[in-house]
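# Chains, contacts and geometry: an overview
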Amino acid sequence: MRQLTLFEVAIIIGLGSAAGDPMFQEDIPIFHSVVVFICVIVIYKTITWITSKSEKVAQMLEGKVLPVVKDGVFDIKHENDNTFSRMEFFSELRNLNVEHLGQVKEGVLEVDGTMSVLFYSDEDTKYGLPLFPSSYKAVDTAMTDGPFACMYCGNILTQLSAGGPQCPRCKRTKWAKAMNNRRV
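Residues numbered from 1 in each chain as written. Predicted model: local features only at pLDDT ≥ 70, side-chain atom pairs only at ≥ 80, totals over all residues. Heavy atoms only, no water.

This paragraph deals with the side chain of Q103. Here Q103 shows up in the loop between helix 4 (86-95) and strand 3 (104-109). Given the relative accessible area of 1%, Q103 is considered buried. Of the polar contacts made by the side chain of Q103, one reaches the backbone oxygen of N181; its length is 3.1 Å. For Q103, the residues in contact, after removing those within four places along its chain, are N97, V98, F119, Y120, T125, N181, R182 and R183. (Helix = DSSP H or I, 4+ residues; strand = E, 2+ residues; numbered from the N terminus. Buried < 20%, exposed > 50% of the residue type's maximum accessible area, 1.4 Å probe, protein only. Polar contact = N/O pair within 3.5 Å; in protein donor to acceptor, adjacent residues only side chain to side chain. Contact = heavy atoms within 4.5 Å.)

Below is the structure:
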């Protein structure tokens, strides 16, 4: 199912309905179902051809990739473009054996719902926000040595000012202990 676009799923449902009606209702002739099949296939082929010629129509029907991580931090410019929660992104990244955001050079959510990730080399791994629940915990910044990762956007700061430090990127105030482990 992940390989199908929403448009293709709608076509499959339409064809299934057209094929099923004559099977369950004796008063509907098979000829009507064949006419619906031909119409749906012609519409599908036409829209597929238009999609191949127009980028706007393709994005409207198929969607577009969503940047999630850029240079080890969440891409907060596009946070309102999606319906995924931050924890769903964490889960997808953990499934790709990502321990913290400092290991990720770039990550995008593909049109089919999968994550594509480019990793930093082991030598270039940076400090990053931990993604596993055992490490993704708010810390008292006055009692813990840095560096720290913003628990919302993943921004890294080596030292924080006293009195409720605020992230310069997203203006949030919860911090986790940043990690710089290499990929296993």
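Take the sheet that holds strand 6 (residues 156-157) next. Strand order in the open sheet made by the three strands is 6-5-7, with antiparallel pairing throughout. Two strands lie at the open edges of the sheet, namely strand 6 and strand 7 (175-177), each paired on one side alone. With three bridges connecting them, strand 5 (residues 148-150) and strand 7 associate as antiparallel partners. Opposite A149, over in strand 7, you have A176 as the bridge partner. (Pairing = 2+ DSSP bridges.)

To continue, consider the pairing of strand 3. Inspection of the sheet shows strand 1 (residues 66-70) paired to strand 3 by four bridges, in the antiparallel sense. Its bridge partner lying in strand 3, P67 is registered against V108. Sheet analysis places strand 3 next to strand 4 (residues 115-119), joined by five bridges and oriented antiparallel. Each residue of the ladder has a partner; that of L109, found in strand 4, is M115. If you look at the hairpin formed by strand 3 and strand 4, you'll find five residues sitting between the two strands, and G113 has a positive phi there, around 95°.

So, about the packing of helix 2 (residues 30-53) against helix 3 (residues 55-62). Across the interface, helix 2 lies against helix 3 with an axial gap of 5 Å and an inter-helix angle of 120°. Of the possible angle classes, the one that applies to helix 2 and helix 3 is oblique. The chirality of how helix 2 crosses helix 3 is left-handed. In contact with I47, I50, T51 and K53 of helix 2, helix 3 contributes E55, V57, A58, L61 and E62. The class makeup of the residues in the contact of helix 2 with helix 3 is five nonpolar, one polar and three charged. (Axes fitted to C-alpha atoms, helices over the stretch in contact; angles between N-to-C directions. Parallel < 35°, antiparallel > 145°, perpendicular 65-115°, else oblique. Left-handed = near helix turned anticlockwise from the far one by under 90°. Nonpolar A, V, L, I, M, F, W, Y, C, P; charged D, E, K, R; others polar.)

Take the pattern of salt bridges next. Applying the stated criterion across every chain, the model contains one salt bridge. E106 is paired through a salt bridge with K70; the nearest N and O atoms lie 3.7 Å apart. Of this pair, E106 sits in strand 3 while K70 sits in strand 1, and the two are 36 residues apart along the sequence. (Salt bridge = Lys/Arg side-chain N within 4 Å of Asp/Glu carboxyl O.)

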